[in-house]
Amino acid sequence: DLAEFASIASPCPGRRLLANAVTTSWGMLLVEAADIGGNPIAGRFFADCDPLSGDAYRRPVTWKGAGDAGVAPGTSIILRFRLDRAKVFWIDFE
């Protein structure tokens, strides 16, 4: 039950990324943020992402405890998602 997908490049409307997702007790969700050229943003790699697990409603996505997406609001980014026994229902910024 492993999957990966990416968003299209779009302006980041806020600093914090929130997720509505659910995983099995052994599953997780990881997120990576990349610039418009597809290059991962420093500190926002999959390896830096704090895994989300369980029933995550409006749960902040964090990278080594940092809760911002790594870019200023209005900057275009691509979000990449790595799912292991997980489902993502929506994402939001604030």
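Quick caveat: nothing in here was measured; it's all calculated off a predicted structure.

Asks: Looking at this structure, I do not really get the pairing of strand 5 (residues 76-93). What am I missing?
Replies: A regular strand places its side chains on the two faces of the sheet in alternate fashion. Where strand 1 (residues 2-6) and strand 5 come together, five bridges link them in antiparallel fashion. Residue pairing for strand 5: Glu-4 is matched across the bridge by Arg-82. Where strand 2 (residues 10-11) and strand 5 come together, two bridges link them in antiparallel fashion. Considered in strand 5, the bridge of Ser-10 is made with Ile-77. Here strand 3 (residues 17-35) pairs with strand 5 via 15 bridges, running antiparallel. Its bridge partner lying in strand 5, Leu-29 is registered against Leu-83.

Asks: Even after reading the chapter, I still don't get the side chain of Thr-23, so can you show me in this structure?
Replies: Relative to the assigned elements, Thr-23 resides in strand 3. With relative accessibility at 12%, the residue Thr-23 sits in the buried group. When neighbours within four sequence positions are excluded, Thr-23 is seen to be in contact with Met-28, Leu-29, Leu-52, Ser-53, Gly-54, Arg-85 and Ala-86.

Asks: Hey, could you run me through the pattern of salt bridges in this one?
Replies: Pairing between side chains becomes possible if they bear opposite charge and their charged atoms approach one another. The full count for this structure, using the stated rule, is eight salt bridges. For the salt bridge of Glu-32 with Arg-80, the shortest nitrogen-to-oxygen distance reads 2.9 Å. Remark: Arg-80 occurs in strand 5 and Glu-32 occurs in strand 3; sequence separation between them is 48 residues. Put simply, Arg-58 and Glu-94 hold a salt bridge, and the shortest N to O gap is 3.2 Å. Remark: Glu-94 occurs in the segment after strand 5 and Arg-58 occurs in strand 4 (residues 55-60); sequence separation between them is 36 residues. Classification of Arg-58 as partly exposed rests on a relative accessible area of 33%. Each member of the salt-bridge network shares a partner with another, and the members are Arg-16, Arg-58, Asp-92 and Glu-94.

Asks: Before we go on, may I ask you to explain the environment of Leu-30 in this structure?
Replies: Position of Leu-30 relative to the elements: it lies in strand 3. What makes Leu-30 buried here is its relative accessible area of 11%. Measuring from C-alpha to C-alpha, the distance between Leu-30 and Arg-58 comes to 15 Å, with 28 residues separating the pair along the chain. Not counting chain neighbours up to four residues away, the residues in contact with Leu-30 comprise Phe-46, Cys-49, Pro-51, Arg-80, Phe-81 and Arg-82.

The rules behind the values
Residues numbered from 1 in each chain as written. Predicted model: local features only at pLDDT ≥ 70, side-chain atom pairs only at ≥ 80, totals over all residues. Heavy atoms only, no water. Pairing = 2+ DSSP bridges. Helix = DSSP H or I, 4+ residues; strand = E, 2+ residues; numbered from the N terminus. Buried < 20%, exposed > 50% of the residue type's maximum accessible area, 1.4 Å probe, protein only. Contact = heavy atoms within 4.5 Å. Salt bridge = Lys/Arg side-chain N within 4 Å of Asp/Glu carboxyl O.

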